[in-house]
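What the coordinates show
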Amino acid sequence: MQRGQVGTIVETLSPAVFLVEFADMQGEAYAFLTVTEADLLVLHHQPALKVA
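Now for a look at the structure at hand. (Residues numbered from 1 in each chain as written. Predicted model: local features only at pLDDT ≥ 70, side-chain atom pairs only at ≥ 80, totals over all residues. Heavy atoms only, no water.)

Right, let's get into the overall build of the chain. A tally of regular secondary structure across the chain gives zero helices and three strands. From first element to last, N terminus to C terminus, the chain shows the α and β order β-β-β. Since a compact globule built from 52 residues should have a radius of gyration of about 10 Å, the 14 Å found for the chain marks it as more spread out than a globular shape. Seen through its principal axes, the chain has C-alpha atoms that stretch 45 × 25 × 20 Å. (Helix = DSSP H or I, 4+ residues; strand = E, 2+ residues; numbered from the N terminus. Rg over C-alpha atoms; globule rule 2.2 N^0.38 Å.)

If you want it as structure tokens, here you go:
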């Protein structure tokens with residue numbers, strides 16, 4: 001795994017520890033990792049602008 005890969009939290013194991021799933025573009029999981037809150041990078045997505 002490399003820093004910056006996007007995953008989804010699928011379970012909270014304790015208040016600051018999470019199980020994170022990593023999947024390919026077809027939705028097939030290829031890794032599950034235990035990640036601490038300190039190691040998470042929060043992503044912010046904005047909706048695309050409408051072109052008139």
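Turning our eyes to something else, we now look at the sheet that holds strand β3 (residues 29-36). A sheet is described by the order of its strands in space; here three strands give the open sequence β1-β2-β3, paired in antiparallel fashion. The open sheet is flanked by β1 (8-14) and β3, the only strands paired with a single partner. Averaged over all adjacent pairs, the angle separating strand axes in this sheet is 20°, with direction ignored. Relative to β3, strand β2 (residues 17-23) runs antiparallel, the two sharing seven bridges. (Pairing = 2+ DSSP bridges. Axes fitted to C-alpha atoms, helices over the stretch in contact; angles between N-to-C directions.)

What follows is about the nonpolar core. In this structure, Phe-18, Val-20, Phe-22, Ala-31 and Val-35 together form the largest nonpolar core, which totals five residues. At the level of elements, β2 and β3 are the ones that each hand at least two residues to this core. By residue number, the principal contributor to this core is β2, which donates three residues. If we skip the residues at most four places from it in the chain, Val-35 touches Ala-16, Val-17, Phe-18, Val-20 and Leu-40. (Core = buried A, V, L, I, M, F, W, Y, C linked by side-chain atoms within 4.5 Å. Buried < 20%, exposed > 50% of the residue type's maximum accessible area, 1.4 Å probe, protein only. Contact = heavy atoms within 4.5 Å.)

Keep in mind that these numbers describe shape and distance, not what the molecule does.
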